[in-house]
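Breakdown of the fold
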Amino acid sequence: LGLGWGRLGGVDHISNPFGWLSDDYEKRGGGGGALGGTIGFDRFFTGRTSFFGGFEYHTRIPNLSAKLEYDSSDYSDIDEAPLYFNKPDKRISRDSRLNAALNYQFNFSEHNKTDLSVGIMRGNTFFVNMAVHTNMETEREPRSRYTLPAQILNRPYLEPFSELSSDWQKYLTELIIWQMGNSGLITHNLIFNGNELQAEITHGLYVKPIRAIDVASRILANNAPTNINKITVINVDSGVETLRASIDRETLVAMAAKGPLDEQYLDYNNDSDINTDTIVRNNDYLYPHFGWTVRPNLGGTIQHQIKFYFWQLEALFHGELAFKKGLYVFADYGLKIVNNYDDYTYHIPDGELHHVRQDRRLYMTEGESGLRKMALDYVFSINSDITAKVSAGYLEWMYGGVGGEVLYMPDDKPWALGADVYWLKQREYDQKFSFLDYETITAFANFYYDLPFYDLRFRARIGRFLAKDVGINFEVSKLYSSGARVGAMASLTDCDKVCTGEGAFSKWVYFQMPMNLLSSKPTRAMPGYRWAPLTKDSGVNVDVGTLHELMTNAPDNVDSLKRTTWSVKKILSGFGTTPKIRT
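No experiment lies behind these values; they were computed from the predicted model shown.

This brings us to the overall build of the chain. Looking only at helices and strands, one finds 7 helices and 25 strands in the chain. With an accessible surface of roughly 31600 Å², the chain has 57% of that area assigned to carbon and sulfur atoms. Taken as two groups, the 61 positive and 70 negative side-chain charges of the chain have centres that lie 4 Å from each other.

In C-alpha cells form, the structure reads like this:
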C-alpha cells in the first residue's frame, strides 16, 4: 500500500499531505526539461495524491500465487496518442482500476528461477509475462566443469635439462608441448631456469585460471628433470603476460594426490631472477599461425522509436593470422542471414556535433553484409609493469585509423594509469573499404581503481572524444563471484544539453556473462551487451577495447588476489553500546 503522485496520481483520493509545507506541492512541476536527461526534482511529491496497492496470496499449490492490484495510474496524457510506435489503433484505455493475475514460479536450480504470469489489466487487456531471475553473486559450477581427479605424479628420473643430449632436449620439449596441446593449452615456450621450470601458455577454456594452472602444472611436473623443485605457469593473453603462478613441486605432488589444486597454495606474480645459464625452448610450430571461425551473430536495437526491436542474424566469419607472440592481423566479415530492417527508414539525428554515432542506422541498413573490422595489432610488454599496444586498420564497423595505448599497472597496487591516442577516419556506410570525409584525433588519460567496496571498479577517462568534444567519462562496474560483470558509464563534455540534443548527455549500462555457465563445453568466452536509452554523439569513443581489460581478465578470476572488500554492514558492525573485549 502506498501513496502515488504523477503517473500514479490518477485519482484525487486525498489532499496532498505535502501541501501543509507549501502550496507549491499542490501543482505538478515541469520536470526535467524538453531534452530530458535530468532529474525533475521540482516534480517530487507534487500534484494529485492517490492510494495504490495490492496483495499476493500463496496458494496451497506449491509455487502458485494469485495477485490483485489497485492501479491508480493516470493515462490522460496518452489517451489521445498512439500506445506504441505509430500504431493509431493501439491506444491505452481503462475499464477498471483492478488488475488480477496468477503467477507460477519454476525453480530450475538454486540460483535460477523463472516466473510465468497470466492475467487481466485495466479490465480490457489480457497479458502473459515471463521473468527470469538469477543470482550472479553466488559462485556456481559451470555446466562444462571438469575437475581434475586425484593423481600420483611421476617420479622424476631425467638429468638436468642442460646435461641432456640435444635429441633428449628436443624430445622432452616437444613431449610437453604435445601434452599441453592435447589438454587444450597452447605453449609459447619452456624456460629451464636453474631449479625452476616455467611454461608460457595461452588457453580459451577456463574462466578460472586455476583450472589451466592445475592442468599445466601437472604436465610440467610429470616431465620435469630431477633438479626441478619449482613449477611456474605464465598465462599469456594477446602476446603479453597477464598472470604468473608458482608452486613448489613437493607441494604440487601432495595436492595432486588429493584432487584439484587449491589456488591458495600458489605464489602469484613473483618474477624469478633469470640466470646466465637459463635455457629457453620456443615452440617452433606455433608461428606463423592462422585460425578461423564461423559463428552466428545476433545484433539489433532495443527500444527504437519505430519498432520495439530491430534485429539482424548474420554469419560472422573471423580469421586471424599470428606472425609472432603479440603480433596479429585479424578480420571479421558479417554475412546477412535475415533481419527486419525493412521499416528502418526513421533517421532524424539531432544535436550540434558531427554524427559520429547517430548515423549507426545507416551502417545497419546499407551494410547489412560487410567488413566489420580488419586490423593489425601489436601488443607488447615494456617491462613488468608497463604494457603497450599499437593498432592500425579498420578498427571497428564505423571507423578506421591508427593509434596506440600505454598502460602502467603495478601488480601490488589497486590502481593503474594509462593513455591512448588514435587518428580516426569515418568509414562508408556499406562497410567495405572506402571512407567518408570526417576524420579526427582522440586522446585520453585513463585512471583505474579497484574500490574496497563490493568488488567495485572505477574508471575515469579525460580527453578528446570522437566528435571532437572534450570532457570526462566515468565508469563503475561490479564483478560477481560467478565471473559476470555489470557496469554503468556516463560522459560529461563541453557539449552542453542543446549541443547534445535529446537526453542531454551520453550514458550506458552493460553486462558481461561467462558463457561457461551455459555451454556444455569449457570456454573462456565472455560476451557482453551494452544498452543506452539514446545513441548520442557526445562523449563517445572508438570501440577498440582497452589494455586494462586485457591485463585484468585473468587476475580478476583469482579469488586469493582480490582485495578484502568492505561493506556498509561490516562498517556498521563495528559500532555498538557494549564494550568489546579484546583478546
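Further remarks concern the environment of Glu314. The topology assignment puts Glu314 in strand β14 (residues 309-324). Those residues in contact with Glu314 that lie beyond four places of it in its chain are Arg295, Pro296, Asn297, Gly334, Leu335, Lys336, Ile337, Glu368 and Arg372. Side-chain polar atoms of Glu314 contact the side chain of Arg372, separated by 2.6 Å.

On to the pattern of salt bridges, then. Tallied over the entire structure, the rule returns 19 salt bridges. Linked through salt bridges whose partners overlap, the residues forming this network are Asp450, Arg457, Arg485 and Asp556.

To continue, consider the state of the cysteines. Two cysteines joined by a covalent bond between their sulfur atoms form a disulfide. Tallied over the entire structure, the rule returns 1 disulfide. Note that Cys495 is cross-linked by a disulfide to Cys499, the S-S spacing being 2.0 Å. Residues Cys495 and Cys499 share a disulfide whose torsion about the S-S bond is about -105°; that sign makes it left-handed. Assessed through its relative accessible area of 6%, Cys495 is described here as buried. By relative accessible area, which is 10% here, Cys499 ends up buried.

Where strand β5 (residues 112-121) and strand β6 (residues 125-134) come together, 10 bridges link them in antiparallel fashion. Its bridge partner lying in β6, Lys113 is registered against His133. The hairpin turn running from β5 into β6, its antiparallel successor, is 3 residues long, and Arg122 in that turn takes a positive phi close to 55°.

Looking now at the packing of helix α2 (residues 209-223) against helix α3 (residues 249-256). Between α2 and α3, the least distance of the axes is 11 Å, while the angle of their chain directions is 115°. In terms of orientation, α2 and α3 fall into the roughly perpendicular class. In the packing of α2 onto α3, the handedness of the crossing is left-handed. Residues Ser217, Arg218 and Ala221 of α2 form the contact with α3, whose own contacting residues are Arg249, Leu252 and Ala256.

What counts and what doesn't
One numbering rule holds for all chains: residues counted from 1, following each sequence as written. Totals for whole chains, interfaces and linings use all residues, but because this is a predicted model, local features are given only for residues with pLDDT of at least 70 and pairs of side-chain atoms are given and counted only at 80 or more. Excluding hydrogens and water, the side-chain figures rest on all heavy atoms present in the structure. Helical segments are the DSSP runs of H or I of at least four residues, strand segments are the runs of E of at least two, and each set is numbered from the N terminus. Surface exposure here means Shrake-Rupley accessible area, sampled with a 1.4 Å probe, where a residue is shielded only by the protein chains that are shown. The sign given to each residue is positive for Lys and Arg and negative for Asp and Glu; His and the chain ends receive no count. Just so you know, the charge point we use is NZ for Lys, CZ for Arg, CG for Asp and CD for Glu. Contacts are assigned to residue pairs that have any heavy atoms within 4.5 Å of one another. Pairing of N or O atoms within 3.5 Å defines a polar contact, subject to two protein rules: one partner must be a possible hydrogen donor and the other a possible acceptor, and residues neighboring in sequence count only if both atoms are side-chain atoms. Criterion for a salt bridge: a side-chain nitrogen of Lys or Arg within 4 Å of a carboxyl oxygen of Asp or Glu. Count a disulfide wherever a pair of cysteine sulfur atoms falls within 2.5 Å. Between buried and exposed lies partly exposed: a residue is buried under 20% and exposed over 50% of the maximum accessible area for its type, with that area taken using a 1.4 Å probe on protein chains only. A pair of strands is treated as paired once DSSP finds two or more bridges between them. With axes taken as lines fitted to C-alpha atoms, and helix axes fitted only over the stretch in contact, angles between N-to-C directions fall between 0 and 180 degrees. Orientation categories follow fixed angle ranges, with anything under 35 degrees roughly parallel, anything over 145 roughly antiparallel, 65 to 115 roughly perpendicular, and all other angles oblique. Rotating anticlockwise by less than a right angle from the far helix to the near helix defines a left-handed crossing, while the corresponding clockwise rotation defines a right-handed one.

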